[in-house]
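These are the residues of each chain, in order.
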Amino acid sequence: MRSRTPDKTEGARTDEVIALHPAESGMQLGRALLHALYNAGISVLYQDREMKTVWARNMRAPWVSDNTDGNGILPLAQADRISAAKRDVVVTGDPQHLEISMPVENGVRWFQVWVDADRGDDGDVQGVVTTMVETTEQKRREQTLTTLLREVSHRSKNLLAIIQSIATQTGRYSDGISDFLTRFRGRLQSLASSQDLVTSSNWRGAALHELVASQVGRYETNTPHSLRFRGANPYLNPNAALHIGLAMHELAVNSVSYGALSRPDGFVEVTADLNTAATGEVTLSLIWAETIGTNGGRGKQKRFGSVALERVVPASLSGTASLDIADGHLEYRLVVPHSNFDTQ
């Protein structure tokens, strides 16, 4: 095999690179590491076998105190855990990892703590290096995510229960599979529309005015004319948004078929009032009023729309409701307690 002759030009280029980027010195490396520790919020403590502090870098609360054990102002139980881990590392040389919590005024602070052995040239443990990193924000994000997942599961089960109830009642009052599918599809779309408002608010709920407008707007292109909304605009919680949305859907479908919205110049009036009872409890009184045709869509046989308005919706909100149709006028009144909405 022929040996390769060194290239003088290549050697010159290598020397040039070294000249531009000199080897790091101990002081340079130390300063760089100190900056890295500070920027990353990492505290490092070195102690000898007797747990006397030799040096410490970037020590922050709660690790800073006048004592020399390096455990700062931690609660006694947590400080004992760290001390026991350090002693174990001195004896065995095996690294230790702990998660430490510390109660504070506004909650709990969390830390990850690593304890490693520092060995001399002969391999014996001559000290311990303790590294502390705060993970409070990460812990809070994890807890928030867990809470959200539980909330999503809870909301999903509630939504499925509502859908099951709608399917059962729609089937009971339908004249056949075609009639069932038409009505059931419309009610599912109503729930989906309300659910979109709830989801866009990060599961807080929906404003009443926006909810009513979205339900009527599914059937009317000129909503500003066809819907006259007056009064308060409370923020409904998710359960109230879904059920009141369903009530508005039933009223809008009936109105488009038989009532005011079936006429080009027709409109409905929705009024929302906040009333304070003698007990001091605030209630929401929601009224849908319109002029209708001869039957207003309500024949001799009660259909699911009437059942939903008078029974399902008020029962789900612990409220009361009435549906009055007389003299070419329809009025639906729903009264619900303050647990269903927020006025802030």
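Every chain is numbered on its own, with residues counted from 1 as its sequence reads. Where local features are concerned, this predicted model is filtered to residues with pLDDT of at least 70; where side-chain atom pairs are given and counted, the filter is 80 or more; whole-chain, interface and lining totals use all residues. Excluded from the side-chain calculation are hydrogens and water; included are all heavy atoms of the structure.

(A) Region of the structure containing the pairing of strand β5 (residues 125-134). When you tally the buried positions in β5, you get seven out of ten residues, the bulk of the element. Bridge count between strand β1 (residues 42-48) and β5: seven bridges; the pairing is antiparallel. Counted as the bridge partner of Y46 is V129 from β5. The pairing criterion is simple: DSSP has to find at least two bridges between the two strands. Runs of H or I in DSSP of at least four residues are treated as helices and runs of E of at least two as strands, each being numbered from the N terminus. Two elements, strand β4 (residues 107-119) and β5, share nine bridges in a ladder whose sense is antiparallel. Directly across from R119, in β5, lies its bridge partner V125. In this structure, the hairpin formed by β4 and β5 is closed by a connection of five residues, where G123 is found at a positive phi of approximately 90°. Throughout this description, buried means an accessible area under 20% of the type-specific maximum (1.4 Å probe, protein chains only), exposed means over 50%, and partly exposed covers the range between.

(B) Summary view of the packing of aromatic side chains. Whether two aromatic rings pair depends on their centres lying within 6.5 Å, for rings of Phe, Tyr and Trp, where Trp uses its six-membered ring; planes under 30 degrees apart make the pair stacked, over 60 edge-to-face, and the rest tilted. With the rule as written, the count across this model stands at two aromatic pairs. Both rings, one in Y46 and one in W55, keep their centres 5.8 Å apart while their planes meet at 10°; by these two values the pair is stacked. We classify Y46 as buried; its relative accessible area is 11%. When its relative accessible area of 34% is taken as the criterion, W55 is described as partly exposed. Look at F180 and F184: their rings are 5.3 Å apart centre to centre, the planes differ by 10°, and that puts the pair in the stacked class. Placement of the pair is F180 and F184 together in helix α5 (residues 177-200), with a separation of four residues, close to one helical turn. Exposure remark for F184: the relative accessible area of 16% places this residue in the buried category. Consider the ring centre and the ring normal. A charge sits over the ring if Lys NZ or Arg CZ is within 6 Å of that centre and within 35 degrees of that normal. The positively charged end of K139 is found above the aromatic ring belonging to W110, 4.5 Å away from the centroid. The ring of F267 carries R228 above its face, with NZ or CZ at 3.8 Å from the centroid.

(C) Region of interest: the pairing of β4. Across nine bridges, the pairing between strand β3 (residues 96-104) and β4 is antiparallel. Within the sheet, the bridge partner assigned to M102 lies in β4 and is R109. Here β3 folds back onto β4 in antiparallel fashion, the turn holding two residues.

(D) Summary view of helix α6 (residues 208-217). If you check which residues of α6 are buried, you get L208, L211, V212, Q215 and V216. Angularly, the buried residues of α6 cover 125° about the axis, an arc narrow enough to put them on a single face. This arc corresponds to the set of directions leading from the helix axis out to the C-beta atoms.

(E) The arrangement of the packing of α5 against helix α8 (residues 238-258) in detail. Each axis is a line fitted through C-alpha atoms, and for a helix only the stretch in contact is used; angles between axes span 0 to 180 degrees, taken between their N-to-C directions. The interhelical angle for the contact between α5 and α8, taken along N-to-C directions, is 140°, at an axis separation of 9 Å. Classified by the interaxial angle, the pair formed by α5 and α8 is oblique. With respect to the hand of their crossing, α5 and α8 are arranged in right-handed fashion. Across from G186, R187, S190, L191, S194, Q195 and V198 in α5, the residues of α8 making contact are P238, A241, L242, G245, L246, H249 and E250. Per-class residue counts for the contact of α5 with α8 are six nonpolar, six polar and two charged. To sort the angles, those under 35 degrees are grouped as roughly parallel, those over 145 as roughly antiparallel, those from 65 to 115 as roughly perpendicular, and the leftovers as oblique. By definition, turning the near helix anticlockwise from the far helix through less than a right angle yields a left-handed crossing, and turning it clockwise yields a right-handed one. Throughout, a contact is declared for two residues whenever any of their heavy atoms are within 4.5 Å. All amino acids are sorted into three groups, where Ala, Val, Leu, Ile, Met, Phe, Trp, Tyr, Cys and Pro are nonpolar, Asp, Glu, Lys and Arg are charged, and the leftover types, Gly among them, are polar.

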